[in-house]
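A look at the structure
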Amino acid sequence: MTLATLHARFLQHCAVEKRLRPMTIKSYRSDFGLFLAFLRRRSRTLSPKGRGQGEGPRARRPTLRAFTTALIRDYQAHMATRRWSVNTVRRRLVELNRFAGWLVERRYLQRSPMIGISVPRRERRLPRVLDWSQVEQIVAGERKPRDRAILALLAYGGLRRGEVMGADVGDY
């Protein structure tokens, strides 16, 4: 069975049973597509005459047998050489880990190929903070009363974006 077919089933599981958000499913699909593209390029460069796993349409369809710890380590190294952010690498490895866990749970694999793969820690950055004079200029410079009120709630009330969006006029 191909990895793409199994991943499609995994996405169905994520959508129906796990009830993940559509954007999460879209991200998983996109990230796995990049992984498959890496796997295809790798198999072409490693095989004789650059033909992958042989000729014909099956050469472009990696199977479950290709999903190994060594391959995932190579993919991790590939992502590092592309200088992708730590958070991007982390997200893609976490998605592969969830897929691998699903494969083990459904008995497609006996052991997860993610065992022994270290996932980098999330990179945390402090938010940039404007000078108070800049904040006052922004609020005072807004012409529309509605938008000025929103900015004032954010700045002077210390509310978060979601809190302002979820508020009703009667709340204030």
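Below or above, wherever it landed, is the structure these notes cover. Note that the coordinates shown come from a computational prediction; the quantities given were computed from them, not determined experimentally.

For the rest of this paragraph, the subject is the packing of helix H1 (residues 3-16) against helix H4 (residues 86-105). The contact between H1 and H4 brings their axes to 10 Å, and the two run at 95°. In terms of orientation, H1 and H4 fall into the roughly perpendicular class. Here H1 contributes Leu3, Leu6, His7, Arg9, Phe10 and His13 to the contact with H4, which in turn contributes Glu95, Arg98, Phe99, Trp102 and Leu103.

Attention now goes to helix H6 (residues 145-156). Helix length check: H6 (12 residues) gives 15 Å between terminal C-alpha atoms against 16 Å at 1.5 Å per residue, within 8%. One or two steps after H6, the chain reaches Gly158, where phi turns positive at roughly 70°.

This part is about the pattern of salt bridges. Under the counting rule described, the total for this entry stands at seven salt bridges. As a salt-bridge pair, Asp147 and Arg146 come within 2.6 Å of each other at their nearest N and O atoms. For Asp147, a relative accessible area of 21% gives the class partly exposed. Salt bridges sharing common partners tie together Glu17, Glu105 and Arg106.

A few words on unusual backbone geometry. In this structure, Arg19 takes a positive phi of about 55° despite not being glycine. When you line up the elements, Arg19 lands in the loop between H1 and helix H2 (22-46). Here Arg19 falls in the exposed class, since its relative accessible area comes to 70%.

Criteria and cut-off values
- Residues numbered from 1 in each chain as written.
- Predicted model: local features only at pLDDT ≥ 70, side-chain atom pairs only at ≥ 80, totals over all residues.
- Heavy atoms only, no water.
- Axes fitted to C-alpha atoms, helices over the stretch in contact; angles between N-to-C directions.
- Helix = DSSP H or I, 4+ residues; strand = E, 2+ residues; numbered from the N terminus.
- Parallel < 35°, antiparallel > 145°, perpendicular 65-115°, else oblique.
- Contact = heavy atoms within 4.5 Å.
- Expected span 1.5 Å × (residues − 1).
- Salt bridge = Lys/Arg side-chain N within 4 Å of Asp/Glu carboxyl O.
- Buried < 20%, exposed > 50% of the residue type's maximum accessible area, 1.4 Å probe, protein only.

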